[in-house]
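If you want the building blocks of each chain, they are given just below.
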Amino acid sequence: MRLPRVNFYPLAGPAVASAVSFAIGALLILAIGRSPVDVYGLFFSQTFGNSYVLGQVLFRATPLMFTGLAAAISFRGGLFNIGAEGQLTVGAFLTALVGCSGHWIPSGLLMPAALVAGSAGGALWGAIPGFLKARFGAHEVINTIMMNFIGTALVSYLVTNVFLVPATVHTPAIARAAEIPRLDLLTGAFQGAPVNLSLLLALCVCYASYIFLWKSRPGYELRATGLSRNAAAYAGIDVARQTVLVLAVSGGLAGLVGSNFVLGYKHYFELGFSENVGFIGIAVALLAKNHPLGIIATSLFFGILGYGSLTINTVVPKELANILEAIMIMFVIVLSRLVDRWMLAVQQKSAA
Amino acid sequence: MKKQGKTVILITHKLNEVMTISDRVTVMRRGSVVGELETASTSAREIARMMVGDDVGQPVQKVPRGGGETVVNVEHLSVLNDRLLPAVRDVSFTIDQGEILGIAAVEGNGQSELVQAITGLRRFINGRVVVRSGNASDRLSTRALAHIPEDRIKFGIVLGFTVLENLILGRHREPEFSRLMLLDRAKIDEHAERIIEGFDIRPRRKDLPVKSLSGGNQQKVVVGRELSKDAALIVASQPTRGLDIRAIDFVHSAIIRERNRGKAILLLSSDLTELLELADRIAVMYEGRLNGIFHTSETNERELGLYMTGFQKHRGLEAAQS
Amino acid sequence: MDALFTLAFLTQIARISIPYALPALGATFSERGGVVNIALEGILLVSAFATTAAAFVTGSPMFGILCGVICVTLKADQIVSGIAVNLFAVGITKFSCQLLFNSSSNSARIAGIEQWSFLAAVPVLKNPFLITTGLLVVASHILLFRTKFGLRLRAVGEHPEAADSLGVNVARLRYAGLIMCGGLTGLAGAWLAVDQHSFTDGMSAGRGFIALAAMIIGKWTPIGALSAALLFGFAESLTIQLESASRYLQLVQMIPYLLTMIVLAGFIGRSTAPASVGIPYEKEAI
């Protein structure tokens, strides 16, 4: 009689990586003559406790869920999408555009239409490198990077020259019907924090991605292709089509980022709003081992990191958070390989 | 060397080597010696029995076959290899119901490309492959065809998947396993348990990552999945490469059972003993062409070897291409 | 049109092209050795900061340059770690900038570089970076295609297993490619800081990626990389020069990226990466 065992091994790598990066952070803090205990103490006491702070953390976690999923889906499909930054820029811009100029759309449909436009923009921006890879074998890493810059340049040209509110770097405001309500207005909790209903959307999308990857046929095909392109072809899966599809889905997820900032918070698109969430999404996905439900947790973690770094800014520069994030990525990729190898050895032993 | 008075220790799992070269045999199992025998006074079967610990089941016997109808018809097939050079040149043959056609060739004489073309993994430049009524170049016909690929790690299984997930690879679109866009977990579970039981995959756990299984059990995953498909044509490439005796025996029996059930089987193997044991007819390929087709009962390793290396050319082809 | 091709215009092209050409040259080495280095951007940023920081302390820009180069022995690895390095660079430069200069976005002003007076007759050449860049391109070409080291480096990028079986130390050569890449990119970072007389946050502004593009368009060759960098520099200078066109600057800045994608897709002559680029080499376990 053997009890089903819950497998905690996959958590070991990320946990160690986080611990190590905090330790290195402590050394940095020591190096500049502050006390790590005080700084981390301040950090945690300021990021937990009241509902305003929680709202701030959730607000920061929301876009990370989208970009984290974007990265995870592409990793699962065996591709590397570093183009989330460009995809979300194009997507958020289109979201704003539909939000402020879609007068002909019935008001009840304006918000969904804006979301669809954002997602479609991101999907298109992802599908182009996908197509180039499938058709010409051009490497998606380089092309998604290039698409980042093309997207940013194109959107900044459009914002500064075509859709500008003079003396700003943002578009006109969206129609009221397109706005996503803030949670503090709906529930009374999170007073003053910008967290909004798009958090719910993000959570739903995380869950849907989980179902998609493990319970659906297209998800099965996506993972099979990601793990072995040869075996996928053997199984009758059209690998070229998968390549375009994976990057389109990934880009489509990144394209939803606009829901949080554009529809839920500022109600316009602003250049440079994303603050690297496209890249941090890669860290979010890696730390969650590309699991959609894990991404909920790691997004919150990075949300805490992002907001917490603001609270300690008076004592140590807030860029400490960027440094911690970078170190975490480094250690996750190094450690998880070691842990996986060890885990396999353990399983083989128990199987024998 | 033995004649020079040297002592030779030969470590192998190839029993015919042991039987022909050695004087004495020491059999080891799980790190300890289980017996020591004089070669002259023992048999390969006895050594095999000692190696695996119990009697290697009497292999399934081939039943004599009645003239079944033709299942696969390969006509004037020409295929290019990865470097776009001709690998298969104008190859034609047929396989009937309940027949195993073996392909013998020295590595690199076009046999792999031939199999890939027949199974739809490689385009062919000329000729056609007709499986019963459907055309094999068409991907839809993966259902009509079971394929045990040459390189199981590369094609046959997804190493990162569990045993369960691997057991539906290539069959995941069958209506039995997926409704709308969702996979039917209950049906898949049932299917997996049936194969794990039926093909004796160990350990008997469908949720293990397939990479934690031994090579023999991984191969059983592939063989089990493909043979449970009920396809008219089975293409088996090197189905026993790298397996231990017990697993080899198991796979051989499974193949013969399918033959007896009336399947057409194309068997590619670099092991001539295996071909002679299993096949009804053996086609020899040399430099991309068929260089002879033999009835197994009328040929031997020596003759096949001469045709495989091109020392002798063309025999029995006219009859096969009629 | 005459007015366009003034000395000032040429100088501007050179100014813009140097931070494209040097990292592109560096990336040529690392990719030829089989390592994709998308950390160019981060290295550029860190070395620009190190240049200003060291210069601020010592007052000597030359020492800063040296420091920028050394700083970059940050062992850059493949894509994920490249991203990590880029994120790290953003963090550490702002963090240190805040500490040293009390502002996370701007450093204090540093001394510019001494002009080489003996070349004063030819003003464009007074800039030591320009001459150095030119010499480095020629040297790199010779090193890559005319020496044993270059042959081995390329072998390691194409077919590490074969190179290994012939007794070439794959790890060491890849490391060498990366160090050269780091050094060259560091030099470009130093130039950025010296040219602007200060560090500003995010001052690399995507130049590392443009350099990557230049390397691809230059088909993994030093001279090609320089030509592509000059082409980008020319296009940008031209846009800045033509006032009426300057509102399209953002669109002009897309050109390198678009061109890269077109080249990668094989529309303008086939541009093929070294066969084993991006694949970590691990010896078969025996």
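Residues numbered from 1 in each chain as written. Chains lettered and ligands numbered in written order. Predicted model: local features only at pLDDT ≥ 70, side-chain atom pairs only at ≥ 80, totals over all residues. Heavy atoms only, no water.

### Overview of the overall build of chain B
Stage number 1. Counting secondary structure elements, chain B contains 11 helices and 14 strands.
Stage number 2. The buried share of chain B, reckoned over its 322 residues, is 51%.
Stage number 3. When contacts within chain B are restricted to residue pairs at least 6 apart in sequence, long-range pairs at least 24 apart make up 62% of them.
Stage number 4. Roughly 16200 Å² of accessible area belongs to chain B as shown, and the carbon and sulfur atoms make up 50% of that amount. (Helix = DSSP H or I, 4+ residues; strand = E, 2+ residues; numbered from the N terminus. Buried < 20%, exposed > 50% of the residue type's maximum accessible area, 1.4 Å probe, protein only. Contact = heavy atoms within 4.5 Å. Areas by Shrake-Rupley, 256 points an atom, 1.4 Å probe, with all protein chains shown as cover.)

### Details of the overall build of chain C
Stage number 1. Counting secondary structure elements, chain C contains 12 helices and 0 strands.
Stage number 2. Written out in order from the N terminus, the α and β elements of chain C read α-α-α-α-α-α-α-α-α-α-α-α.
Stage number 3. Per-residue burial for chain C yields a buried fraction of 52% across its 286 residues.
Stage number 4. In chain C, 79% of the contacts between residues at least 6 apart in sequence involve partners at least 24 apart.
Stage number 5. About 12200 Å² of surface is accessible on chain C, with carbon and sulfur atoms providing 65% of the total.

### Looking at the sheet that holds strand S8 (residues 145-148) of chain B
All names here are of chain B.
Stage number 1. Ordered in space as S8-S11-S12-S5-S13-S14, the 6 strands form an open sheet in which the pairing is mixed. Of all the strands in the sheet, the pair left with one neighbour each is S8 and strand S14 (289-295). Between one strand axis and the next, the sheet turns by 15° as a mean value, whatever way the strands run.
Stage number 2. Relative to strand S13 (residues 281-286), strand S5 (residues 99-104) is paired through 4 bridges, and the arrangement is parallel. Paired with Gly-102 across the bridge in S13 is Ile-282.
Stage number 3. Sheet strands touched by helix H8 (residues 245-260): S5, strand S11 (233-237) and strand S12 (264-268). Its angle to S12, the strand with the most contacts, is close to 150°.
Stage number 4. Helix H10 (residues 301-308) rests against S5, S13 and S14 of the sheet, and its axis sits at about 30° to S13. (Pairing = 2+ DSSP bridges. Axes fitted to C-alpha atoms, helices over the stretch in contact; angles between N-to-C directions.)

### Let's talk about the confidence of the model for chain B
Stage number 1. Across chain B, the average pLDDT comes to 82, with 89% of residues at or above 70.
Stage number 2. This model gives residues 133-141 of chain B a pLDDT under 50, and the stretch forms 11 contacts once residues within four places in sequence are excluded. (pLDDT = per-residue confidence, 0-100.)

### A look at the interface of chain A and chain C
Stage number 1. Between chain A and chain C, the residue contacts involve 38 residues of the former and 35 residues of the latter.
Stage number 2. Together, Met146(A), Phe149(A) and Tyr157(A) form the three largest contributors to the area buried by chain A at its contact with chain C, with a combined 16%.
Stage number 3. At the junction of chain A and chain C, the tally comes to 2 residue pairs in polar contact (both at pLDDT 80 or more).
Stage number 4. Contributions of two or more residues to the side of chain A that touches chain C are made by helix H5 (107-136), helix H6 (140-161), helix H13 (277-287) and helix H15 (320-351) of chain A.
Stage number 5. Residue contributions to the side of chain A that touches chain C peak at 14 residues, all from H6(A).
Stage number 6. Of the residues contributing to the side of chain A that touches chain C, the split by class is 29 nonpolar, 6 polar and 3 charged. (Buried area = accessible area lost by both parts, 1.4 Å probe. Polar contact = N/O pair within 3.5 Å; in protein donor to acceptor, adjacent residues only side chain to side chain. Nonpolar A, V, L, I, M, F, W, Y, C, P; charged D, E, K, R; others polar.)

### Describing the environment of Pro274(C)
Residue and element names in this part refer to chain C.
Stage number 1. Within the secondary structure, Pro-274 sits in the segment after helix H12 (255-264).
Stage number 2. Using a relative accessible area of 4% as the deciding quantity, one classes Pro-274 as buried.
Stage number 3. For the pair Pro-274 and Arg-32, spaced 242 residues apart in sequence, the C-alpha separation works out to 6.1 Å.
Stage number 4. Setting aside chain neighbours within four positions, we find Pro-274 in contact with Glu-31, Arg-32, Gly-157, Glu-158 and Trp-220.

### Quick look at the nonpolar core
Stage number 1. Core analysis: the largest hydrophobic core is formed by 169 residues, its most contacted members being Ile82(A), Phe269(A), Phe302(A), Ile38(C) and Leu212(C).
Stage number 2. The residues touching Ile38(C), leaving out its near neighbours within four places in the chain, are Ile82(A), Val141(A), Ile145(A), Ile79(C), Gly82(C), Ile83(C), Asn86(C), Phe209(C) and Leu212(C).
Stage number 3. Ile100(B), Ile148(B), Val210(B) and Leu243(B) belong to the second largest nonpolar core, which has 57 residues in total. (Core = buried A, V, L, I, M, F, W, Y, C linked by side-chain atoms within 4.5 Å.)

### Re unusual backbone geometry
Stage number 1. The residue after Arg202(B), namely Pro203(B), is reached through a cis peptide bond having omega -5°.
Stage number 2. Inspection of the secondary structure puts Pro203(B) in the loop between helix H6 (185-198) and helix H7 (215-227).
Stage number 3. Positive phi values are uncommon outside glycine, yet His76(B) reaches one of about 45°.
Stage number 4. Locating His76(B) in the fold gives a position in strand S3 (residues 70-80).
Stage number 5. Phi is positive for Ala205(C), which is not a glycine, with a value near 45°.
Stage number 6. Inspection of the secondary structure assignment puts Ala205(C) in the loop between helix H8 (170-196) and helix H9 (207-217).

### Considering the pattern of salt bridges
Residues and elements named next belong to chain C.
Stage number 1. All told, the structure shown has 27 salt bridges over all chains when counted by the stated rule.
Stage number 2. Taking the shortest distance from any N to any O, the salt bridge between Arg-15 and Asp-195 comes out at 3.0 Å. Residue Arg-15 is located in helix H1 (residues 7-32), and its partner Asp-195 is located in helix H8; the two are separated by 180 residues in the primary sequence.
Stage number 3. A relative accessible area of 38% means that Arg-15 is categorised as partly exposed. (Salt bridge = Lys/Arg side-chain N within 4 Å of Asp/Glu carboxyl O.)

### With respect to the environment of Phe93(A)
Stage number 1. By secondary structure assignment, the location of Phe93(A) is in helix H4 (residues 84-101).
Stage number 2. With residues up to four places along the chain from it excluded, the contact list for Phe93(A) reads Val155(A), Leu158(A), Val159(A), Phe163(A), Thr171(A) and Phe269(A).

### With respect to the packing of aromatic side chains
Stage number 1. In the structure shown here, the tally under the stated rule is 20 aromatic pairs over all chains.
Stage number 2. Plain terms: the ring middles of Phe199(B) and Phe250(B) are 6.1 Å apart, the flat faces sit at 65° to each other, and that makes the pair edge-to-face. Note that Phe199(B) is positioned in the loop between H6 and H7 and Phe250(B) in helix H8, a separation of 51 residues in sequence.
Stage number 3. Aromatic rings pair up to connect Phe59(A), Phe93(A), Phe261(A), Tyr265(A), Phe269(A) and Phe273(A) into one cluster.
Stage number 4. Over the ring of Phe250(B) we find Lys220(B); its NZ or CZ atom is 5.3 Å from the centre of that ring. (Phe/Tyr/Trp six-rings, centres within 6.5 Å; stacked < 30°, edge-to-face > 60°. Lys NZ or Arg CZ within 6 Å of the ring centre and 35° of its normal.)

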